[in-house]
Amino acid sequence: MSSSERFSRHAPAPVPPGARWWRDAFVLARWTRRLTMLALLFFAAAAWSYWGEQWLPPIRTVVIEGELEHSDSDRLRYAALRAVEGKTFFDVDLGALRRALEDLPWVRRADVRRVWPDSLVVSLAEYRPIAIWIDVASGELSLLDANGHVFSAVPPSDDLPRIIGPAGQEETLLEAYEGLSRVLQPLGRLEVLQVGPTLSYVVRLSQGTEFVLGRLDSLQQAEQRLSWLAQRWDAIRERLGYAPVRVDFRHQQALAVAGPASIIAPPPPPESKGKKKR
């Protein structure tokens, strides 16, 4: 069998007379339906963009949820109303509202969702401060939360401990504060942890006792020195006869100890009686 014969067997069957116009009409009808649907969608979108906002009511209610202890309710309300003013259910920018709320003091996270037909629900989470952070270079005061995040707000209490250190070391020094607090717990509450630019550590307790640790290579060194001192604190007090108010570790194989001013102050000079006249 020749190749031309094999090819001819698979050739399409001839179209019967009068059938072509029927097939062409079917294709034309199918494309007509498609174009009609596209036109309807286009006109519906155009109509919605022109009249849709008039059919939808504006946002009338904003509900704020969350355990709020420090946030200013007036500032929260103003930020929310400003973001939704003149907006409807679909065109309100939830991201802009969330950012406006998270820019406020004390707001750690804001979640916003729509509630049909004209409401928004805002869930807020506040920062929980555990220490006051002071930048050792600029003196700028901020607050620290439990994760070492810095945020700007007015301290809610003067009882918060103070951590003073270089910018960028917030998480590291918060960890150091927690570790040294555990070590010094038998002696009192750790009130101030100060670390200079050269990593020189100074620690002060709430009753005023100060420990100068000097420059250290690691937090473990600070914990070892203060742990050694805490174990011998009662013996040191007994031997000196008073509780030291300052202990300096910067001397090799020795401690420099200072006592209360009433103990270490020199006695007043004796009164000069002078010579009697003859």
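Above this text you will find the structure in question.
What counts and what doesn't
- Residues numbered from 1 in each chain as written.
- Predicted model: local features only at pLDDT ≥ 70, side-chain atom pairs only at ≥ 80, totals over all residues.
- Heavy atoms only, no water.
- Pairing = 2+ DSSP bridges.
- Helix = DSSP H or I, 4+ residues; strand = E, 2+ residues; numbered from the N terminus.
- Axes fitted to C-alpha atoms, helices over the stretch in contact; angles between N-to-C directions.
- Core = buried A, V, L, I, M, F, W, Y, C linked by side-chain atoms within 4.5 Å.
- Buried < 20%, exposed > 50% of the residue type's maximum accessible area, 1.4 Å probe, protein only.
- Contact = heavy atoms within 4.5 Å.
- Patch = residues over 30% accessible without salt bridge, like charges linked within 9 Å, V, L, I, M, F, W, Y side chains within 5 Å.
- Areas by Shrake-Rupley, 256 points an atom, 1.4 Å probe, with all protein chains shown as cover.
- Salt bridge = Lys/Arg side-chain N within 4 Å of Asp/Glu carboxyl O.
- 1 Å grid on protein atoms, 1.4 Å probe; cavity = no way out; pocket = protein on both sides within 12 Å on 5 of 7 lines; lining within 4 Å.
- Points joined across faces, edges and corners; volume = space filled by probe spheres on them.
- Nonpolar A, V, L, I, M, F, W, Y, C, P; charged D, E, K, R; others polar.

S.K.: Explanation requested: the sheet that holds strand β1 (residues 61–65) in the structure shown.
M.R.: Backbone hydrogen bonds hold the strands of a sheet together, and the pairing may be parallel or antiparallel. Taken in spatial order, the three strands of this open sheet run β1-β3-β2, and their pairing is mixed. Two strands lie at the open edges of the sheet, namely β1 and β2 (107–115), each paired on one side alone. In this sheet, adjacent strand axes meet at a mean angle of 20° when their direction is disregarded. Where β1 lies against strand β3 (residues 119–126), five bridges are found, and the strand directions are parallel.

S.K.: In this structure, what is going on with the nonpolar core? I would like to understand it.
M.R.: Considering soluble globular proteins, one finds that nonpolar side chains tend to be buried as a cluster. In terms of nonpolar packing, the biggest core is built from 30 residues, with Val-203, Phe-211 and Leu-226 touching the most fellow members. Counting residues per element, the ones that place at least two in this core are β4 (129–135), α5 (170–184), β8 (190–195), β9 (200–205), β10 (210–215), α6 (219–231), α7 (233–240) and β11 (246–251). For this core, the leading source of residues is α5, giving seven residues. Once residues lying within four places of it in the same chain are set aside, the contact partners of Val-203 are Leu-180, Leu-184, Leu-190, Val-192, Leu-193, Thr-209, Glu-210, Phe-211, Leu-213 and Leu-226. By size, the runner-up hydrophobic cluster in this structure holds 16 residues, among which are Ile-59, Ala-79, Ala-110 and Leu-120.

S.K.: Just checking my understanding: could you explain a nonpolar patch on the surface for this structure?
M.R.: A contiguous nonpolar patch, built from Trp-228, Leu-240, Leu-255 and Val-257 and spanning about 300 Å² of accessible area, is present on the exposed surface. Looking at Leu-255, the relative accessible area reads 32%, which means it is partly exposed.

S.K.: Would you take a moment to explain the layout of surface pockets for this structure?
M.R.: Gaps between atoms show up when a probe of the same size as a water molecule is rolled over them. Of the voids in this model, the largest pocket is the one considered here, and its volume is about 160 Å³. Thr-172, Leu-173, Leu-199, Tyr-201 and Leu-219 are, among the 13 residues lining the largest pocket, the residues nearest its centre. The leading source of residues in the lining of the largest pocket is α5, at four residues. Of the residues that constitute the lining of the largest pocket, the class distribution is eight nonpolar, three polar and two charged.

S.K.: Looking at this model, I keep getting lost on the pattern of salt bridges. Mind explaining?
M.R.: A side chain with one charge may pair with a side chain of the opposite charge, provided their charged atoms come close. In total, this model carries nine salt bridges according to the counting rule given. A salt bridge links Arg-77 to Asp-74, with the nearest nitrogen and oxygen atoms 3.0 Å apart. Highlighted residues: Arg-77 and Asp-74, both in helix α3 (residues 73–84), separated by three residues, approximately one helical turn. The partner of Asp-111 in a salt bridge is Arg-109, with the nearest N and O atoms 3.4 Å apart.

S.K.: What is the right way to read the side chain of Glu-170 from this model?
M.R.: Mapped onto the elements of the fold, Glu-170 is located in helix α5. The residues contacting Glu-170, other than those within four sequence positions of it, are Trp-133, Leu-144, Gly-148 and Val-150.

S.K.: Teacher, can you tell me more about the side chain of Asp-248 here?
M.R.: Tracing the backbone through its elements, the reader meets Asp-248 in strand β11. Its relative accessible area of 5% is what places Asp-248 among the buried residues. When sequence neighbours within four positions are dropped, the list of residues in contact with Asp-248 reads Val-212, Ala-254, Leu-255 and Ala-256.

S.K.: For this particular structure, what's the right way to read the sheet that holds β11?
M.R.: Spatially, nine strands are ordered β6-β5-β4-β7-β8-β9-β10-β11-β12 in an open sheet, and the strand pairing comes out mixed. Two strands close off the open sheet at either side, each with one partner strand: β6 (150–151) and β12 (254–258).

S.K.: Looking at this structure, I do not really get the pairing of β4. What am I missing?
M.R.: Looking along a regular strand, one sees side chains alternate from face to face of the sheet. The buried fraction of β4 amounts to six of the seven residues, a majority that puts the element mostly inside the structure. When β4 meets strand β5 (residues 141–145), the two strands line up antiparallel, connected through five bridges. The residue of β5 that forms the bridge with Trp-133 is Ser-142. In terms of strand pairing, β4 meets strand β7 (residues 162–165) through four bridges, oriented parallel.

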